[in-house]
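Commentary on secondary and tertiary structure
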Amino acid sequence: MPDTVAELGGIPLERNEDPFFCLLEDDKLITSVSVTTDRLLMPQDSEEKLHDVHLIIHATVMNPSALFAGNRLV
């Protein structure tokens with residue numbers, strides 16, 4: 001999670017990104033990643049570039065303390 005706008009790598013914030021939200025505060029908290037690819041069979045819009053992508057991201061957010069009951073892993 002960036003602490004300052006300078007940590008965004010020079011990418012400016014859009015108007016609707018204030019405040020700027022992040023899913024995680026640290027990448028170390030990611031426990032698994034799965035990628036499924038497919039072809040998008042739609043005509044390319046005039047504003048789209050050849051290597052633009054459409055992403056659909058599903059995230060399961062868990063509270064780590066919810067995994068334990070009485071110091072035992074549930």
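Further up the page is the structure itself.
Residues numbered from 1 in each chain as written. Predicted model: local features only at pLDDT ≥ 70, side-chain atom pairs only at ≥ 80, totals over all residues. Heavy atoms only, no water.

This part covers a nonpolar patch on the surface. Taken together, the side chains of Leu24, Leu29, Ile30, Val33 and Val35 present a nonpolar region at the surface, about 490 Å² in accessible area. For isoleucine 30, the position within the fold is in the segment before strand 1 (68–69). Overall, the relative accessible area of 43% leaves isoleucine 30 in the partly exposed class. (Patch = residues over 30% accessible without salt bridge, like charges linked within 9 Å, V, L, I, M, F, W, Y side chains within 5 Å. Areas by Shrake-Rupley, 256 points an atom, 1.4 Å probe, with all protein chains shown as cover. Salt bridge = Lys/Arg side-chain N within 4 Å of Asp/Glu carboxyl O. Helix = DSSP H or I, 4+ residues; strand = E, 2+ residues; numbered from the N terminus. Buried < 20%, exposed > 50% of the residue type's maximum accessible area, 1.4 Å probe, protein only.)

Empty space within the largest pocket amounts to approximately 1500 Å³. Among the residues forming the lining of the largest pocket, the class breakdown is 19 nonpolar, nine polar and six charged. (1 Å grid on protein atoms, 1.4 Å probe; cavity = no way out; pocket = protein on both sides within 12 Å on 5 of 7 lines; lining within 4 Å. Points joined across faces, edges and corners; volume = space filled by probe spheres on them. Nonpolar A, V, L, I, M, F, W, Y, C, P; charged D, E, K, R; others polar.)

None of this, on its own, says anything about what the molecule does.
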